[in-house]
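# Coordinate inspection notes
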Amino acid sequence: MLPPDTTGIQLSPDEVARFSRHLILPEVGMEGQKRLKAASVLCVGTGGLGSPLLLYLAAAGVGRLGIVDFDVVDTSNLQRQVIHGTSWVGKPKIESAKHRIHEINPHCQVDLYETALTSENALEIIRPYDIVCDGTDNFPTRYLVNDACVLLGKPNVYGSIFRFEGQATVFNLDAESPNYRDLFPEPPPPGLVPSCAEGGVVGVLPGIIGLIQATEAIKILTGIGTSLSGRLLLFDALQMKFRELKLRPSPERPVIDKLIDYQEFCGVGGTAPGQEEAGTLEAISVIELKQLLDGDRSELLLLDVRNPPEVAIAAIDGAVLIPLDQIEGGQAIEQVRELTAGKRLYVHCKMGGRSAKALIALGRHGINGVNVSGGIDAWSQEVDPTVSRY
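Below, the structure is looked at part by part. (Residues numbered from 1 in each chain as written. Predicted model: local features only at pLDDT ≥ 70, side-chain atom pairs only at ≥ 80, totals over all residues. Heavy atoms only, no water.)

## With respect to the sheet that holds strand S3 (residues 109-113)
Spelled out, the test is: Only when DSSP finds a minimum of two bridges between them are two strands counted as paired. Strands are runs of DSSP state E lasting at least two residues, helices are runs of H or I lasting at least four, and both sets are numbered from the N terminus onward. With axes taken as lines fitted to C-alpha atoms, and helix axes fitted only over the stretch in contact, angles between N-to-C directions fall between 0 and 180 degrees. Only heavy atoms enter the contact rule, under which two residues are in contact if any of them lie within 4.5 Å.
Spatially, S3-S2-S1-S4-S5-S6-S7-S8 is the arrangement adopted by the 8 strands of the open sheet, whose pairing is mixed. Edge positions in the sheet fall to S3 and strand S8 (241-246), since each of these pairs with one other strand and no more. Taken pair by pair, the neighbouring strands of this sheet meet at an average axis angle of 15°, ignoring direction. Two elements, strand S1 (residues 40-44) and strand S2 (residues 64-68), share 5 bridges in a ladder whose sense is parallel. Pairing of Cys43 across the sheet is with Ile67, part of S2. Each of S1, strand S4 (131-134), strand S5 (156-162), strand S6 (165-171), strand S7 (231-236) and S8 touches helix H10 (residues 205-222); the most contacted strand, S5, lies at about 170° to it.

So, in structure tokens, the structure goes:
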């Protein structure tokens, strides 16, 4: 039952001083701060969203924080995952997060779950907490978090980001509230929505959305204000605009009575549109490509289907740039046909996914080629380390 029971909860002199700016707010006061101290919040993920979430929940005085993550800190994370620092690169994110949380609030209990959240462990991990904050970046885990929260009757504070746009809401605040399946009744086909690693994200965006999630969690725990339950908040950083959409429970949404195989439900590893075609593509390694490029280049065309900003970061000498969207949109088909006349076509992108899509699209127009497995990322690691990784 929210807000949390504060029976027996007291604030130490240090906590009174630490949270004094809360205590003088009539809406929060001593009782609200005790509720925060009595509360427990589970954050799934310590990435772009989880970083500001955990920082501000700890700073606000939440007494117990759980963290689920099994990744390590990478240099590319530091542009937006502000809970981590350079000295933690290569080390577990959950350890980095715990260290930073205790610097901010040594009174906070931090529980670490260095594991992937799965259908086998989700209910056990989530059950002890009052609220779950979803800081994940993939559809299978979002559906899993949602369904587990529904089964356990836990509010689910949701956020999502991509490039310059984000969204946030509160799911499952009570039995009459909408949940994630009202927003996305069915998952999109695998590969349709690029990851941040492919599409990019402006570093401040997860901070904005993550802080909205933290705000919603604090309001729910203290019993103040009006939550985002039933409202989907949309944010456009380029235009600096917020929009709001009504979100209602759908009478057609399925009854959630158990956890399922969410990888299968979302088509991960299955036969989503285009996957069967991708599986039949001829492919070579970057080592084999290097051997070909060291030979007679007049007999081949190396096509780069990334976007121009990516080429400015790293490129393979001699590659011709034609972005994937121009190929899939049909504008560049004849250009590719002319360029490949009498030549063997090889296609690369960052990691091999977009190049496979390009070859599928070209194949439908009778233009066949070979996919470069691992893309320029593998090239940087296995062939030429002077090529920057991103």
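Anyway, onward from the coordinates.
## Side note on the packing of aromatic side chains
Heads up, the rule is: Two rings from Phe, Tyr or Trp (for Trp, the six-membered ring) form a pair when their centres sit within 6.5 Å of each other. Planes less than 30 degrees apart are called stacked, planes more than 60 degrees apart edge-to-face, and all others tilted. Buried means the residue's accessible area, taken with a 1.4 Å probe over protein chains only, is under 20% of the maximum for its type, while exposed means over 50%, and partly exposed covers the values in between. To sit over a ring, a charge needs its Lys NZ or Arg CZ within 6 Å of the ring centre and within 35 degrees of the ring normal.
For the structure on display, the rule yields 9 aromatic pairs. Ring geometry for Tyr143 against Tyr180: centres 4.9 Å apart, planes inclined by 75°, an arrangement best described as edge-to-face. Placement of Tyr143 in helix H7 (residues 139-152) and of Tyr180 in helix H8 (residues 180-183) is noted, with a sequence separation of 37 residues between them. A relative accessible area of 0% means that Tyr143 is categorised as buried. One Lys or Arg, Lys91, reaches over the ring of Trp88 and ends 5.3 Å from the middle of that ring. Arg142 extends its terminal NZ or CZ atom over the ring of Phe139, reaching a point 5.3 Å from the ring centre.

## Section: the pairing of strand S12 (residues 344-348)
Threshold: Whether a crossover is right-handed depends on one test, that the path from the first strand over the helix to the second runs clockwise when the strands point away from the viewer.
Across the 5 residues of S12, 4 count as buried, placing the element largely inside the fold. As paired elements, strand S10 (residues 300-304) and S12 share 5 bridges and run parallel to each other. Counterpart to Leu300 in the pairing with S12 is Arg344. Both S12 and strand S13 (residues 370-372) contribute to a ladder of 2 bridges, which runs parallel. From the neighbouring strand, Tyr346 faces S13, where its bridge partner is Val370. Considered for its hand, the β-α-β crossover made up of S12, helix H17 (residues 353-363) and S13 is right-handed.

## Brief notes about the nonpolar core
Worth spelling out the cut-off: As used here, the term nonpolar core means buried Ala, Val, Leu, Ile, Met, Phe, Trp, Tyr and Cys residues forming a set that is joined through side-chain atoms within 4.5 Å.
With 38 residues, the main nonpolar core has Val41, Leu54, Leu57, Leu65, Ile101, Cys133 and Ile209 as its most contacted residues. Among the elements that make up this core, the one with the highest residue count is H10 (8 residues). Setting aside residues up to four positions removed in sequence, Cys133 forms contacts with Val41, Leu42, Cys43, Val44, Leu53, Leu57, Val157 and Ala217. In this structure, Val44, Phe139, Ala148 and Tyr262 belong to the second largest nonpolar core, which totals 22 residues.

So, to be careful, I would describe these as geometric facts and stop short of saying anything about function.
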